[in-house]
Structure formats: structure tokens, C-alpha cells
Amino acid sequence: MSPAHTAATGSDPEDVVWVLPGAATPPRVSLLVLPHSGGNAHSYAPWRELLPADVRLLIGQYPGRGARFSESPGASIADLAGPVVRCLPPDTGDLVVLGHSMGSLVAFEVARELTGAGQPPSALIASACRPPYLPNPSPVHPDQLDDDALVAAIKARGGTDNGILDEPELREVVMPSIRADFAIDDAYRFTADPAVLTCPVTVIGGAADPVVPASALPGWSATTSATAAVELMPGGHFYFQQQLTAFLSLVTGVLDAVTAERQPA
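Residues numbered from 1 in each chain as written. Predicted model: local features only at pLDDT ≥ 70, side-chain atom pairs only at ≥ 80, totals over all residues. Heavy atoms only, no water.

K.L.:
What is the right way to look at the pattern of salt bridges in this model?
P.N.:
Pairing of side chains with opposite charge becomes possible as their charged atoms draw close. Across all of its chains, the model carries 9 salt bridges by this definition. Arginine 28 serves as the salt-bridge partner of aspartate 54, at 2.8 Å between the closest nitrogen and oxygen. With aspartate 54 in the loop between β2 (29–34) and β3 (55–60) and arginine 28 in the loop between β1 (17–20) and β2, this residue pair connects regions lying 26 residues apart in the sequence. Note on arginine 28: relative accessible area 26%, which makes it partly exposed. Beyond isolated ion pairs, a larger network of salt bridges with shared partners links Arg28, Asp54 and Asp256. (Salt bridge = Lys/Arg side-chain N within 4 Å of Asp/Glu carboxyl O. Helix = DSSP H or I, 4+ residues; strand = E, 2+ residues; numbered from the N terminus. Buried < 20%, exposed > 50% of the residue type's maximum accessible area, 1.4 Å probe, protein only.)

Next comes the structure, spelled out in C-alpha cells:
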């Protein structure tokens, strides 16, 4: 399904898009996950054990972390999304794209690029994120914060291993990519006509999210000519961490709906 299978960065495609197959061959559907600001593919890999065996899990790894550590952190959403699109496996088949927080903006750009190439995803799932045409309601302004203040802001949001942030040597390693991610999230805003997608969009958020108000989530409907739905779960910005099974049940429902449409009447 990918327009091409070579990263412009020079990284091996499997370092840019992790491929975690299930027990079933061939897979029924593929789920591509794009991490949050400061996140990495490692933190989403455990999802493999909770997803159905016939779902292939793909996870994007951004520059500046993991096997891509030698690459400079991205400066824009395009720097994060472009390599992922170019490194998708060629046999992706039905593809559902999911992002959390900033990852939802990356997911939108991945879906937009695939749609423009005539290979639209089967669905988009946006989690805990403002619509891409709105400004960030909770900017971090990492350029105005020293490391200690930035770490405090990250901890307040949750979702990052505090053990890494509290260990000076590890913190020094991860801070450049974290700063870059939050700067990207602060600055990004899609200014063209947002209705560029043709696939269904499902938006999931925490009912008590202090970073992205639940009232902003329905605005994602403007990004697609297809249907849009909003689901709220208890909790804050990383609501799914305390109820991962229930969250992935919602995700699996989207995957099931995609493959049901492919069944003959």
C-alpha cells in the first residue's frame, strides 16, 4: 500500500515503521500507531499482545530515538509523517491509522498523504488531540523552559516514564527529541481546507483531559467527507493507560467495521 518503501532519511524501513505481526497469516487488517510527543515505538509495542491475532500492528518511530537516534529530531510534522509513509510495508492492505496526542496530527498527515496518493487509509483514529486546523489549546513553549521546568510540564501531562526523566544521564539523551516534539506540536496548524480525508474518523478522548478539552473533539468531523464519531472515556490526557483493554476494544471495533465493509453481501 505504501507509495514507496525507502526512507529519504537513509534509515532502514523497519527502523522507521516497526512491524509486529500477529499469529494469523495473512493479517485481516493493519493498525498503524503514531506516538505522542516525547513518545517512542517501544511504549506501544505491548499493544500487540492485547490486539486480535489477525491484526498486524505497525508502529512509527520518530527520528532521534531508538535505532534512529543518530538522526536529528524532526522540525515539523512532515519530518515525522513523511518517512513513515515511505516506509510502510508494500502489502499493508486495509490500513487503520491511529495517533495519540501529537501523534494524531502525525496520523492526520499520514492519512492526508496516502489519500493524495490515491491510497487512502480505511479509517483514522485520533486520540486526545485537537482538530488539526485549530491552534494548540495547551502549548508548552519548550524554548522558554529549562530542562527542569520542561520535565515538570511533561510529568504533569503524564505518559512518559518518570524513571527516564529523573535519571540525569538518560534525561540528557531524550531531552532533544522531547523538546523538538513539543515545539512541533505547539506550532502545527493545518491552514488549508481541512476536509481532505475520505475515510471514517473516530475520535477518542478523556472526559477530564486538561490538555485537550472534550468539547474540541467533535471538530475532527470537518477533516473528512465520510462519517465521524466521538467516544469519551474517563480520565485525563493519557486516559487509556488505566483502561487499556477497554480502549483497545474501541479500537478493535473500528478495525472490525473496516473489514465488515469488505465482506460480500
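Once the structure has been displayed, the description carries forward.
K.L.:
What is the right way to look at the nonpolar core in this model?
P.N.:
Nonpolar side chains tend toward joint burial in soluble globular proteins. Of all hydrophobic cores here, the largest spans 37 residues; its most connected members are Leu32, Val106 and Val110. Mapped by element, the contributors of at least two residues to this core are β2, α2 (77–86), β4 (95–100), α3 (102–116), β5 (123–127) and β6 (201–206). Examining the composition of this core, we find that 8 residues originate from one element, α3, more than from any other. With 28 residues, the next largest nonpolar core counts Val33, Val96, Ala123 and Phe240 among its residues. (Core = buried A, V, L, I, M, F, W, Y, C linked by side-chain atoms within 4.5 Å.)

K.L.:
Can you walk me through the confidence of the model for the protein in this structure?
P.N.:
Predicted coordinates in areas of low pLDDT are best not read in detail. The pLDDT averaged across the protein works out to 91; a share of 94% of its residues lies at or above 70. Note on residues 1–9: pLDDT is under 50 here. Beyond four places in sequence and across chains, it has 38 contacts. (pLDDT = per-residue confidence, 0-100. Contact = heavy atoms within 4.5 Å.)

K.L.:
Would you take a moment to explain the packing of aromatic side chains for this structure?
P.N.:
Counted by the stated rule, this structure contains 9 aromatic pairs. Ring centres of tryptophan 47 and phenylalanine 240 lie 5.9 Å apart, and the angle between their planes is 90 degrees; this geometry places the pair in the edge-to-face category. With tryptophan 47 in the loop between β2 and β3 and phenylalanine 240 in the loop between β7 (228–233) and α7 (244–262), the pair connects residues that are 193 residues apart, well separated along the chain. Take tryptophan 47: its relative accessible area is 3%, and that puts it in the buried class. Look at tyrosine 239 and phenylalanine 247: their rings are 5.8 Å apart centre to centre, the planes differ by 75 degrees, and that puts the pair in the edge-to-face class. Judged by relative accessible area, which is 0%, tyrosine 239 ranks as buried. By the ring-pair criterion, three or more aromatic residues cluster together here, those being Tyr44, Trp47, Phe238, Tyr239, Phe240 and Phe247. (Phe/Tyr/Trp six-rings, centres within 6.5 Å; stacked < 30°, edge-to-face > 60°.)

K.L.:
Explanation requested: the pairing of β4 in the structure shown.
P.N.:
Two faces make up the sheet, and in a regular strand the side chains alternate between them. For β4, the tally of buried residues reaches 6 of 6 residues, placing the bulk of the element in the interior. Here β4 shows no split at all, with Leu95, Val97 and Gly99 on one side and Val96, Leu98 and His100 on the other all buried. Summarising the sheet, β2 and β4 pair through 5 bridges and their orientation is parallel. Residue pairing across strands places valine 33 opposite leucine 98, the latter belonging to β4. By the bridge criterion, 5 bridges tie β4 to β5 in an arrangement that is parallel. Looking at the pairing, leucine 98 lines up with isoleucine 125 of β5. Regarding the hand of the β-α-β motif, the stretch spanning β4, α3 and β5 is right-handed. (Pairing = 2+ DSSP bridges. Right-handed = clockwise from strand over helix to strand, strands pointing away.)

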